[in-house]
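One letter stands for each residue in the lines below.
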Amino acid sequence: MDRIHIVGGAKLHGVIPISGAKNAALPLMIASLLTGETLELANVPRLADITALLRILGNHGVDHMVVGKRPGQTTETGQTIRLTASNVIDTTAPYDLVSTMRASFWVIAPLLARFGEARVSMPGGCAIGTRPVDLLLMAMEQLGATIEIDGGYVVARTKNGLRGGEIHFPKVTVGGTHVALMAAVLANGTTVIENAAREPEVVDLAACLTKMGARIQGAGTPRIVVEGVSRLNGTRHEVLPDRIETGTYAMAVAMTGGDVTLENTRADLLHSALDILATTGTEVTPTADGIRVRRNGAGVAAVDVTTDPFPGFPTDLQAQFMALMTRARGQSHIRETIFENRFMHVQELARLGARIRLEGDLAVVEGVDRLKGAPVMATDLRASVSLVIAGLAAEGETIINRVYHLDRGFEALEAKLGRCGAEIRRERA
Ligand code: EPU
């Protein structure tokens, strides 16, 4: 298995291009199942999760074509993928494919909406909690689907097509909102989704579906209204920038010090996360096509954070923020409210010398003067990258094992950090 070696201590200086958002690209690719016409997606990141989903869609019969390089493009310019689901031959998503990535479970909604049935294995994904699918199933039932569990598979069926209905989520769920949207766009009648997720990735999916002919109002608010249509058409859509990748590199700069411009991204996608970063003593300035992040000399101030659905502080940046707080002056409190088991990075950060105490959903971090490099390993994507950030600021060498987690969600990580002066390299197995 590949490993990443980091020798910490260098300040970061330069420009980091931000990729398209993994968590927007995945539901957008799945939305291709809603039409027999071609959906062209631009700015798709080159990531293991994208490749895995292409295999899953291919298994249903979706053709895909990756558009070749064009003038002015580099290997890091997002790729353009054309997806055509004109010949879906299989509405089953098997265990060996779905178990590798939780988001692939979402194929259940477009398959059900367009073909009246779907048989999808119960999902896998990162080890960050139990992550049930009860609310996703409830959403489809509210639109008239019958749901059965059979041999580890969820079987969803509808006799005469889905019909509009009321979906009230008792808890904000991003995946539940994606599923509700994709089911409702082809349902007969009007659907109201209450307590919908407001994440930018939901807004991006709704924007693409609207270009495909769907009638959606209120995406980005807690109440989304969808008027079903009988068919959707193909379109072209550009995936929005990855706010988690943006926030991760911003925190890396906050941690090491330096001056980096994150380009092809948007400050408004990060909301409170950037405000919180600013209170740690990091200068954060929006630019024409991105964000400039600077920290010089002064130390990092300790700040308390609670994760929340958008526009709150994202759970997907919690581990990275904790890495930053390990070097802060004083004590900070980090509360995780979205997933019950998302503190796997704590014991690994401790290997680098961090002082963190866990009390249920709360991590109490005592800032230390220095971290020291060590071999570490992480069990999920965001936890892994928090170890990279900590390694960049630690003395000596940090070796990150199980790099495949990073490859699921961070495009060209070593190249992007290396060009800004980080001493980072991949050892291929
Ligand atoms: N939940 C339920 N029942 C359900 C669905 C969710 O109880 O049927 C709970 C979950 O267990 C969790 C909470 O609701 O406690 C929120 O989960 P949500 O459904 O919002 O998460 P998700 O859709 O499975 C997406 C991202 C995650 C991100 C979360 C929260 C993708 C592909 N995944 O997951 O991203 O952490 O929203 O923002 O969009 C990552 O990229 O590393 C990642 C884990």
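Residues numbered from 1 in each chain as written. Predicted model: local features only at pLDDT ≥ 70, side-chain atom pairs only at ≥ 80, totals over all residues. Heavy atoms only, no water.

As annotated in an unreviewed UniProt entry, the chain carries the name UDP-N-acetylglucosamine 1-carboxyvinyltransferase and is attributed to Methylobacterium oryzihabitans. Its UniProt record, at the heading Catalytic activity (unreviewed entry), says of the chain: "phosphoenolpyruvate + UDP-N-acetyl-alpha-D-glucosamine = UDP-N-acetyl-3-O-(1-carboxyvinyl)-alpha-D-glucosamine + phosphate". (UniProt positions renumbered as here; feature names shortened; annotations may be inferred.)

Let's hear about the overall build of the chain: which residues, and what values?
Helices and strands together make up the secondary structure of the chain, namely 14 helices and 24 strands. Its C-alpha radius of gyration of 21 Å places the chain within 12% of the 22 Å reference for a compact globule of 429 residues. Along the longest, intermediate and shortest principal axes, the C-alpha atoms of the chain span 65 × 50 × 40 Å. Residues classed as buried in the chain amount to 57% of the 429 residues present. In the chain, of all internal contacts separated by at least 6 residues, the share reaching a separation of at least 24 is 76%. For the chain, the accessible area works out to roughly 16,400 Å², and carbon and sulfur atoms hold 48% of it. Placing the 44 positive and 46 negative side-chain charges of the chain at their respective mean positions leaves the two points 2 Å apart. (Helix = DSSP H or I, 4+ residues; strand = E, 2+ residues; numbered from the N terminus. Rg over C-alpha atoms; globule rule 2.2 N^0.38 Å. Buried < 20%, exposed > 50% of the residue type's maximum accessible area, 1.4 Å probe, protein only. Contact = heavy atoms within 4.5 Å. Areas by Shrake-Rupley, 256 points an atom, 1.4 Å probe, with all protein chains shown as cover. Lys, Arg positive; Asp, Glu negative; His and termini not counted. Charge placed at Lys NZ, Arg CZ, Asp CG, Glu CD.)

Describe the UniProt feature "binding site: phosphoenolpyruvate" (unreviewed entry) in the chain, listing the residues and the values that go with them.
As annotated in UniProt, the feature "binding site: phosphoenolpyruvate" (unreviewed entry) corresponds to K22 and N23 in the numbering used here. Mapped onto the elements of the fold, K22 is located in helix α1 (residues 22-31). Classification of K22 by relative accessible area gives buried; the value is 7%. Among all residues touching K22, those that are not within four sequence positions of it are P45, L47, D49, D242, L381, R382, R408 and G409.

Requested: an account of the sheet that holds strand β5 (residues 79-84), with residues and values cited.
Strands sit in the order β4-β5-β3-β14 across an open sheet of 4 strands; the sheet is mixed. Looking at the sheet topology across the chains shown, the edges are occupied by β4 (63-66) and β14 (235-238). If you compare each strand with its neighbour and ignore which way they point, the axes differ by 20 degrees on average. Looking at chain direction, strand β3 (residues 38-44) and β5 are connected through 5 bridges and run antiparallel. Residue E40 lies in a different strand from β5, and its bridge partner there is R82. Helix-sheet contacts for α1 involve β3, β5 and β14, and the interaxial angle to β3 is about 170 degrees. Its contacts with the sheet place helix α7 (residues 200-211) against β3 and β14, and it is angled at close to 160 degrees to β14. (Pairing = 2+ DSSP bridges. Axes fitted to C-alpha atoms, helices over the stretch in contact; angles between N-to-C directions.)

Run through the sheet that holds strand β17 (residues 290-295), naming residues and quoting values.
With respect to topology, 4 strands assemble into an open sheet ordered β2-β15-β17-β16, the strand pairing being mixed. Each edge of the open sheet is held by one strand with a lone partner, namely β2 (12-17) and β16 (283-287). Averaged over all pairs of adjacent strands, the angle between strand axes in this sheet comes to 10 degrees, irrespective of strand direction.

Just give me the short version of the domain arrangement of the chain, but keep the residues and values in it.
What the domain assignment reports for the chain is domain 1 (2-15 + 241-428) and domain 2 (25-238). Inter-centroid distance (C-alpha atoms) of domain 1 to domain 2 is 30 Å. Across the contact, 22 residues belong to domain 1 and 20 residues belong to domain 2. The contact between domain 1 and domain 2 buries some 1,800 Å² in all, and 52% of this surface belongs to carbon and sulfur atoms. Between the two partners, domain 1 and domain 2, sit 3 salt bridges. Between D49 and R408 there is a salt bridge, with its nearest N and O atoms 2.9 Å apart. (Domains from an automatic or database assignment. Buried area = accessible area lost by both parts, 1.4 Å probe. Salt bridge = Lys/Arg side-chain N within 4 Å of Asp/Glu carboxyl O.)

Account for helix α6 (residues 174-184), naming residues and giving values.
Note on helix geometry: an α-helix contains 3.6 residues per turn, so any two residues three or four positions apart are oriented the same way. Buried residues dominate α6, accounting for 10 of its 11 residues. For α6, the complete set of buried residues consists of G175, G176, T177, H178, V179, A180, L181, M182, A183 and A184. N-cap assignment for α6: the residue whose side-chain oxygen lies 2.7 Å from the backbone N of G176 is T173. (Polar contact = N/O pair within 3.5 Å; in protein donor to acceptor, adjacent residues only side chain to side chain.)

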